[in-house]
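Working through the structure, step by step
So you can see what is in the structure, the chains are spelled out below.
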Amino acid sequence: MSDASSPPALAMAAPSNAPTLRQRLWQAALPIALVVLLLGFSAVDARVLGLANLLNVAQQTSYLALFAMAQTVVILTRGFDLSLGPTVSMVSVASAMALAAAAAAGLSPVAVLALGLAAGLGIGLAAGAFNGIVVAFLGVSPFVATLGSYNIAIGVATTISGGRPVQGVPDLFSDVLYRGSVFGVPAAIAIAILVALLLHLVLTGTVFGRSLYLVGTNPRAAAVAGLPVKRILALAYLLCSGLAALGALMMTARTGSGEPNLGGSLSLQAIAAAVVGGTSLAGGRGGVGTAVLGALFVTILSNGMNLTRIDGYVQMIVLGVIVILGVVLDRARLSGR
Amino acid sequence: MERAPAPAGHAEPLLRLSGITKRFTGVLALDGVDLDVRAGELHVLFGENGAGKSTLINVISGTFPPDAGSFRFNGEEIGRLSPQRARQIGISPVFQEFSLVPSLTVEENLFLGREASSAGVLKSGAMRRRARELIDELGFDLDPGARVDDLSRAHQQMAEIAKALLGNVRLLILDEPTASLTERETGRLFELIARLKREGVGIIYVSHRMREIRALADRVTVLRDGRHIKTLDAATVTDGELVELMTGRRIDVLFPAITHAPGAMALDVENLSTADGTVAGVNFHARAGEITGIAGLVGCGKSELVRAVYGLEPIAGGRIRLHGKPYDPPSPRASLRRGAAYFPANRVAEGLALSRPIRENASMTALDLPRFARAGILKRRAERALVGPIMERLKLRPAGIERAVGNLSGGNRQKVMLGRALTRELTVFLFDEPSVGIDVGAKLEVYDFMKRLVEAGAAVVVVSSELPEVLALSNRLYVMHHGRIAAELEGPDKTETNVLASFFREQRAGAAA
Amino acid sequence: QENWFPMKIFDSSSGTPTPAEYTPVGKAEKPYNLCVLFPHMKDSFWVAVAYGVVKQAEAANVNMTLYEAGGYENLPRQLSQFDDCLASGADAIIVGAISGAGLAQKFDEAKAKGVPVVGVVNPVPIEKLPAANFVDFAAMGGVTAKGLLASLGADETANVVTFPGPAGSGWAESFNEGFKKEVAGNPNVKILDEKFGDSGVAVQLQLIQDALQTYPDMNVIWGTAPTAEAAIGAVAEAGRTDMKIISSYENQAMLDALNRGDILAFATQYPVGEGAIGIDQAIRLIEKKPVVKLVQPEAAVIDKTTVPNVKMDLVLAPADWTPVYSVKAK
Amino acid sequence: MSAIAARRPGGLTLRIGMLPIALLLLVVAMSLVSPQFYGPANVLNILRNASFLTIVALGQAIVIIAGGFDLSVGAVVALASVVTAKVMGWAAGILPGNDAAIIAIGVAAGLGSGLVVGLVNGLCVSRLKVSGFVVTLGTMSATAGVGLMITSGIPVYGMPDGFVKGFGRGQAFGLPYAVFIALAVLLVMVFVQRRTLFGRYVHAIGGNPDAAVVSGVSIGRHVVGTYALSGVFAAGAGILYTALVGSGQASFGGDRMMLQSIAAAVIGGVSLRGGVGRVEIVALSALFLTTLGNALNLLHVDARLQPVFLGLIMVAAVAVEELGRRRKPRV
Ligand SMILES: Nc1ncnc2c1ncn2[C@@H]1O[C@H](COP(=O)(O)OP(=O)(O)OP(=O)(O)O)[C@@H](O)[C@H]1O
Ligand SMILES: Nc1ncnc2c1ncn2[C@@H]1O[C@H](COP(=O)(O)OP(=O)(O)OP(=O)(O)O)[C@@H](O)[C@H]1O
Ligand SMILES: [Mg+2]
Ligand SMILES: [Mg+2]
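Quick caveat: nothing in here was measured; it's all calculated off a predicted structure.

1. Regarding the overall build of chain C
A count of helical and extended segments in chain C gives 9 helices and 15 strands. Relative to the 2.2 N^0.38 estimate, which gives 20 Å for 330 residues, the radius of gyration of chain C is 20 Å and therefore close to what a compact globule would have. Taken along the three principal axes of its C-alpha coordinates, chain C extends 60 × 40 × 40 Å. Long-range pairs, those at least 24 residues apart, make up 72% of the contacts in chain C with a sequence separation of at least 6. Considering chain C, the positive charge centre built from 26 side chains and the negative charge centre built from 38 side chains are found 6 Å apart.

Written out as structure tokens, the structure reads:
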């Protein structure tokens, strides 16, 4: 048991193979940083830890977490999706137009809702199919492929909406997807938790999820081992855009209108959140946990800075520094110091 | 710990290591290792996979700083050794995992880190000439302008060796240099080694091939579990003793006696050509219950042949039949479904997902089976229950299937690959260089594994550059040359002389044409 | 800042704009906490609004915190900031909305919580809010069109390419519509093309250069302030002295350019005044004092002839003023 | 030996790539359709705009070839612009009339600001061992914040006429100075890539960092070098923009320039996995992207639909190249 090179206080902690207390602490570095951050902010303004604000943070996190999870699916395969933001805009506009048209046509509420959801998810999946086919079957690098669809989605979103918010979304839509609640949990949070659980099951418990990690770690080995690499890649992009579309529908319910610029800078924000949480852009490492953790981190940071009244430009600088520090912390965790 | 006594009156050895210790997370890779190497001596490092040979070499060449121990080179105490410094003082390593940059040319790689330049500007002409000279001098068939990622592993090995020999060499380190070379290149390398020894260069040599150790070694140091076991004089030690020191047990035979019982035709290839022309009009077949060997010089297309059958090389023409049924076009997934599996030579690039656990790597080829997944949902408990015993059976070390494959030694990585063969019902096994880089004990296990497979009625195809291996294992042996079958040898015809002769015949015929 | 007021406005609470004068209440009864949300602070237009906000908050002795979303592409961030304002217990929220429609749900939530919200500068659905002050962007587009028409000689023709701003922003489309509607019936004005694009000088410059090639007969450039800024150099380089440049909104560069004679005119909606009025409306709402529900500043086109009569301190912040993001009550 | 030589991938398109062909097709087609396209003023525009992009993309390409990623270039363009303008304004106050000195000080400050950001990027990447993507994502945000903080978003004026009228809008041999600067930068970079140790090491580090280390290449120095280069180049583009427009603007560059510079590099054959790419093709690709944008404008394509075409053509160009290049995997 006595291991000369490990710190004396911890030498008895565990057999050499199990993680030591110190390693466990590093494992939890990011969550600990989160708590420290929250406590720090609440020292400046006690409202940060108030129930109202915590709920607010949870709600804000749920959207970003959803998008970060979407990115994680493709980042696992060594890709990323630059078109996520514009896809969100496109879905928002398309679903709002469908909802408005259906409501105007006097369809039953269920039919209106179904039509809106179908239109949104449909166009989202179409974007995913485009990315998937171009990346997997045409062999174009994810950057170029999704930069292409980024431009296309922007064009489609502004063209079909005429560049203006799409009005006339029935209240019903927001009542369900925004104001609704499940056992007292607001809809957005409930949906995000549900998606997180399902995606976690998919990533860890299904052949598809396993394949994502294997393909991301070594695509050639995966191909030699007979995994349908192209199909897996295409499905990853499809799933990514599907999740993005779901997020877009929730955001549309939040705004109550179709917004041609809703996605704006979401692509990078979502990638950043995923990466800060510990997802590796080199593929094969990360998961639902890293995505959610990253989203929480970024959200708490900006919420805290807002509540403690830090100037806008200073916030940008702080955010930049913290993003780097977050990842340094994560690396320290990995190297298991 | 005993050492072979140094010849009297001999000055201090070229290299003297004492008490070298190196720890990786969770693994003590080197535990107080002593080693000395004299000028003009070839010193073999011998040990099982994971014994710490490569780690020791990495320490000597400045890649890893040791955690403890002292280092003297040429009579001088060396403090902090960096790769640059090591090269400057004449330590030249040939790494097991090559130190080549795939996107650069051979020539650019040869000079990497030691470019001829003035004021930061490269002197390309000088370097080109020097590279040409060196390759000619070594007698390698290597194009200095070729990009490394266009080369076969064998040619990459040549480039790696050439790289080490550029510049002033006082201590040459060769980590399994012949693992993917064939007889001819191996012969060239041995001539070179002899010359360097005459010039007073010290050589550290790692190999799992007894024949080579016999032929080359002056002294042998045996490592086990990161510890120095013994240093012996090669002239006075027997193979059996070495193997016993290495493994801690007796191993009498290297190749198991395999009872071949050729049965139904499992794989039948007619007039097969690949799109890139490396395989041209090959006819060949493999029967159930026998091992079919394929031998040939480097670049003859023997790997491409089985890769094409498995579905990894685009096919230009010809016909493949698996169990009598036409198979067109092949793809890895379909091959596995039909019971044919391929075990690639390059395990890092094509075989394994290094950062994933052993368990996932082993079950990778069988995720479509109901025993591992139903309706796309993994059965993780069943997976653990299946993979665990398989790895135990293959004597994976260290045991345990949740460790990342990247932390295993070369031989153990090979075992993980072999483990795949046991995760699904297979009838045709295509092995590409199955024993590259694995130790004697592991080799025996691999051969035993093949023996069990054929004796259970499977068809096994072994592609190998190691002639003794294919000769001993196979029932029938094909010799390939320039993408064609040069000979098919069976029974008493299947001798080393005949194989070499058929290379030779073919060459003469080629020259005449 | 006593000299800003009384300020000439339209009272549009009833639907029809009636000319009126606006005067603030002065000091607030208590140092309330006001939250101010802006789309961004990346040009002198929003800095001018901020100036009005800050000065009025100081004058009224209230606490004020200003958040900016970093650009029109960041609606989700503005939504979060709105939530943060509610969570931090603001007494009132003043919003320069990225998208009025997009924030509509938030307005309902604030109403449900009893927090008054005032829309400033950017249009918002007025029925959702207790008070707002903004000009109709379409009307502003129209104002600039009137300015152009007024400058045309009897037999002069105007071949216009419009550069309204980023597609999908809403405001760019509205300005453009208003402009087009106003010139629609006029046989002397022809709209050759509409070039949407990010409202940065570099992007606009490229669009203008391309347009100069595509439409050799173009003689009017109408667009955002960065458009006009970029146009000055591009037009000079192309040697086109006949080009008329009109900007749909104001900034420091526009004022300088006008004074130098580089541009024909720019429109203004008195952003400093709008910011100040927004604060005052919020205080009135908190204190339940009478408030003008919809204030519309009198938008105007400023050209060489009108510039001396304009109250410039209602148009732009002083050049030496650096934005502050929060005001503490004394 | 000859057999091997013959087996190496060949064919004209494979060696020079699809891009020059695509560019040629675009130019020919546009010249047929629209006479304004080859008008001198338009050619001038294309070349000038391509110059800005080329300069930024060359720095980006070097970073990517070394296995990194520079998201901060857009923010650096903006920062350098406002720093240059501010410093020139300040210098004009203390050295009235001495235009040459004012310009020199301003340009040095602008380039210096880019260098600082580049050094921070490089040091963080090499010291903290954090991926370039994350580091530059952070510095992008921080740099943009600093740029806005300096100016509050308000354009900065007060640069000497010699800088704006003389340099920014000046020409030599009928071409803007920016074109010559871009050309010079390109030539230097071609030389650096082909003929210098730095270029060789950048390729080696991107191609296989472990091999580079054991071969005795010091990684840190060269990684820092690539980011510093990228920062300085982006700053250079920012200064050129400033001279052209006549004011320092925090709105220059931005995400758009960042994405475009990476797109130019990637479409120009630089692999995001590192180790592969040639700067002259990157320059060609910058020219292609600029010409494409210009063509869509000249063709009167609706502004809202332009991105759709741009996206499709971008993907198609790379897909065709990829399908042509598709080769078997090697062991
Ligand atoms: N980078 C590393 N991280 C963690 N463990 C390592 C690392 N490299 C080697 N090891 C471990 O160190 C031990 C010695 O490995 P080494 O590669 O030196 O063995 P070897 O004698 O060269 O074996 P082989 O004959 O298979 O090449 C092994 O247990 C291996 O798992
Ligand atoms: N002298 C050479 N220089 C460069 N490349 C070569 C040379 N000789 C062969 N090659 C490359 O090697 C490829 C085929 O060699 P490879 O070694 O893979 O065949 P193999 O005989 O099946 O392999 P192995 O002997 O390793 O089992 C050819 O396509 C060619 O590109
Ligand atoms: Mg080894
Ligand atoms: Mg081979």
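2. Things to note about the interface of chain A and chain C
Between chain A and chain C, the residue contacts involve 35 residues of the former and 36 residues of the latter. Summed over both sides, the interface of chain A with chain C buries roughly 2,900 Å², with 45% coming from carbon and sulfur. When residues of chain A are sorted by the area they lose upon contact with chain C, A:Arg254, A:Arg309 and A:Tyr313 head the list and together hold 22% of the total. There are 1 salt bridge connecting chain A and chain C. Summed over the shared surface of chain A and chain C, the number is 20 residue pairs in polar contact (both at pLDDT 80 or more). Looking at the side of chain A that touches chain C, its residues break down into 8 nonpolar, 20 polar and 7 charged.

3. What about helix 4 (residues 40–65) of chain D?
Residue and element names in this part refer to chain D. With 26 residues, helix 4 extends 35 Å between its outermost C-alpha atoms, agreeing within 8% with the 38 Å of an ideal straight helix rising 1.5 Å per residue. Counting buried positions along helix 4 gives 22 out of 26 residues, so the element sits mostly inside the fold. Once helix 4 ends, the next one or two residues include Gly67, with phi positive near 90°.

4. Details of the nonpolar core
Membership of the largest hydrophobic core comes to 380 residues, with the highest contact counts inside it found for A:Phe143, B:Phe46, C:Leu34, C:Phe82 and C:Ile93. The residues contacting A:Phe143, other than those within four sequence positions of it, are A:Phe80, A:Leu82, D:Leu259, D:Ile262, D:Ala263, D:Val266 and D:Leu272. B:Ile258, B:Val282, B:Ala295 and B:Ala442 belong to the second-largest nonpolar core, a separate cluster that totals 78 residues.

5. Some remarks on the sheet that holds strand 16 (residues 315–322) of chain B
All names here are of chain B. The antiparallel open sheet is built from 4 strands, whose spatial order is 14-13-16-17. Of all strands in the sheet, those with a lone pairing partner are strand 14 (282–287) and strand 17 (325–326), marking the two edges. Relative to strand 17, strand 16 runs antiparallel, the two being bridged by 2 bridges. Following the sheet pairing, Arg321 is matched in strand 17 by Pro326. In the packing of helix 9 (residues 302–310) onto the sheet, the strands contacted are strand 13 (265–274), strand 14 and strand 16, and the crossing angle to strand 13 comes to about 110°.

6. Considering the interface of chain D and chain A
Many authors give the size of an interface as the accessible area that is lost as the parts come together. Contact with chain D, which involves 46 residues of that partner, is made by 42 residues of chain A. Contact between chain D and chain A buries roughly 3,500 Å² in total, counting both sides, with carbon and sulfur atoms accounting for 79%. On the surface where chain D and chain A come into contact, there are 0 salt bridges. Counting every contact that joins chain D to chain A gives 1 residue pair in polar contact (both at pLDDT 80 or more). Of the residues contributing to the side of chain D that touches chain A, the split by class is 32 nonpolar, 7 polar and 7 charged.

7. Observations regarding the state of the cysteines
Simply put, disulfide is the name for a covalent bond between the sulfur atoms of two cysteines. Residues and elements named next belong to chain C. According to the stated counting rule, one finds 1 disulfide over all chains in the structure shown. Residue pairing for Cys35: its cysteine sulfur links by disulfide to Cys85, the two sulfurs lying 2.2 Å apart. Sign of the S-S torsion, about -90° for the bond between Cys35 and Cys85, identifies this disulfide as left-handed. Here Cys35 is found in strand 3 (residues 33–38), whereas its partner Cys85 is found in helix 2 (residues 75–87), with 50 residues between them in sequence. Under the relative-accessibility criterion, Cys85 is labelled buried at 0%.

8. Thoughts on the site of ligand 1
Residue and element names in this part refer to chain B. Residues in contact with ligand 1 amount to 19 residues; listed here are only the nearest, Asn49, Gly50, Ser54, Thr55 and Asn407. Between an oxygen atom of ligand 1 and a main-chain N or O atom of Gly52, the distance comes to 2.9 Å. With respect to ligand 1, the side chain of Ser54 contributes an N or O atom lying 2.7 Å from an oxygen atom. Here the shell around ligand 1 takes 3 residues from helix 1 (residues 53–60), the largest share from any one element. Of the residues that constitute the shell around ligand 1, the class distribution is 5 nonpolar, 11 polar and 3 charged.

9. Here we look at the pattern of salt bridges
Residues and elements named next belong to chain C. A complete count under the given rule lists 54 salt bridges over all chains for this structure. Across the salt bridge formed by Asp108 and Lys128, the nearest N and O atoms sit 3.2 Å from each other. Residue Asp108 is found in helix 3 (residues 100–113), and its partner Lys128 is found in the loop between strand 6 (117–120) and strand 7 (131–133); the two are separated by 20 residues along the sequence. Owing to a relative accessible area of 23%, Lys128 belongs among the partly exposed residues under this scheme.

10. Quick word on the sheet that holds strand 21 (residues 428–432) of chain B
Residue and element names in this part refer to chain B. Read from one edge of the open sheet, 6 strands run 18-21-22-15-23-24, paired in mixed fashion. Two strands bound the open sheet, and with one partner strand each, they are strand 18 (340–343) and strand 24 (484–490). Shown here is a sheet whose adjacent strand axes are inclined to one another by a mean of 15°, direction ignored. With 5 bridges joining them, strand 21 and strand 22 (residues 459–463) adopt parallel strand pairing. Across the sheet, Phe429 pairs through a bridge with Val460, a residue of strand 22.

11. Looking at the packing of aromatic side chains
Taken as a whole and judged by the stated rule, the model has 27 aromatic pairs over all chains. Each ring, one from A:Phe80 and one from A:Phe143, has its centre 6.3 Å from the other, and the planes form 90°; the classification is edge-to-face. With A:Phe80 in the loop between helix 3 (51–75) and helix 4 (84–104) and A:Phe143 in helix 6 (residues 142–161), this residue pair connects regions lying 63 residues apart in the sequence. Judged by centre distance (6.2 Å) and plane angle (35°), the rings of A:Phe80 and D:Phe133 are tilted. Of this pair, A:Phe80 sits in the loop between helix 3 and helix 4 while D:Phe133 is found in helix 7 (residues 132–151), placing the two residues in two different chains. Here A:Phe80 matches D:Phe133 in class, with each residue buried. Here a set of aromatic residues connected by ring pairs shows up, and it is made of C:Phe38, C:Phe45, C:Trp46, C:Tyr72, C:Phe137, C:Trp171, C:Phe175 and C:Tyr249.

12. Digging into the pairing of strand 8 (residues 158–163) of chain C
Residues and elements named next belong to chain C. Here strand 8 lies mainly inside the structure; 6 of its 6 residues are buried. Taking every second residue as pointing to the same face, both faces of strand 8 are buried, with Ala158, Val160 and Thr162 on one and Asn159, Val161 and Phe163 on the other. As for the winding sense of the linkage, the β-α-β connection from strand 8 through helix 5 (residues 171–183) to strand 9 (residues 189–194) is right-handed. Judged from the 4 bridges that link them, strand 8 and strand 10 (residues 220–223) form a sheet pairing that is parallel. Following the sheet pairing, Val160 is matched in strand 10 by Val220.

13. Topic: the environment of A:Ala223
With respect to the helices and strands, A:Ala223 occurs in helix 10 (residues 219–224). Measuring from C-alpha to C-alpha, the distance between A:Ala223 and A:Ser267 comes to 29 Å, with 44 residues separating the pair along the chain. Setting aside residues up to four positions removed in sequence, A:Ala223 forms contacts with A:Val229 and B:Pro332.

14. A closer look at the confidence of the model for chain A
Summarising the model, chain A shows a mean pLDDT of 87, and 91% of its residues fall at 70 or more. Under a pLDDT of 50 for its full length, residues 1–17 of chain A has, in the predicted model, 13 contacts with residues more than four places off or in other chains.

15. Re a nonpolar patch on the surface
Residues and elements named next belong to chain D. On the surface, Leu24, Val28, Leu32, Val33 and Leu299 cluster together to form a nonpolar patch covering roughly 510 Å² of accessible area. Within the fold, Leu24 resides in helix 3 (residues 19–33). For Leu24, a relative accessible area of 59% puts it in the exposed group.

Reading guide: rules and limits
Residues numbered from 1 in each chain as written. Chains lettered and ligands numbered in written order. Predicted model: local features only at pLDDT ≥ 70, side-chain atom pairs only at ≥ 80, totals over all residues. Heavy atoms only, no water. Helix = DSSP H or I, 4+ residues; strand = E, 2+ residues; numbered from the N terminus. Rg over C-alpha atoms; globule rule 2.2 N^0.38 Å. Contact = heavy atoms within 4.5 Å. Lys, Arg positive; Asp, Glu negative; His and termini not counted. Charge placed at Lys NZ, Arg CZ, Asp CG, Glu CD. Buried area = accessible area lost by both parts, 1.4 Å probe. Salt bridge = Lys/Arg side-chain N within 4 Å of Asp/Glu carboxyl O. Polar contact = N/O pair within 3.5 Å; in protein donor to acceptor, adjacent residues only side chain to side chain. Nonpolar A, V, L, I, M, F, W, Y, C, P; charged D, E, K, R; others polar. Expected span 1.5 Å × (residues − 1). Buried < 20%, exposed > 50% of the residue type's maximum accessible area, 1.4 Å probe, protein only. Core = buried A, V, L, I, M, F, W, Y, C linked by side-chain atoms within 4.5 Å. Pairing = 2+ DSSP bridges. Axes fitted to C-alpha atoms, helices over the stretch in contact; angles between N-to-C directions. Disulfide = S-S within 2.5 Å. Near = heavy atom within 4 Å. Phe/Tyr/Trp six-rings, centres within 6.5 Å; stacked < 30°, edge-to-face > 60°. Right-handed = clockwise from strand over helix to strand, strands pointing away. pLDDT = per-residue confidence, 0-100. Patch = residues over 30% accessible without salt bridge, like charges linked within 9 Å, V, L, I, M, F, W, Y side chains within 5 Å. Areas by Shrake-Rupley, 256 points an atom, 1.4 Å probe, with all protein chains shown as cover.

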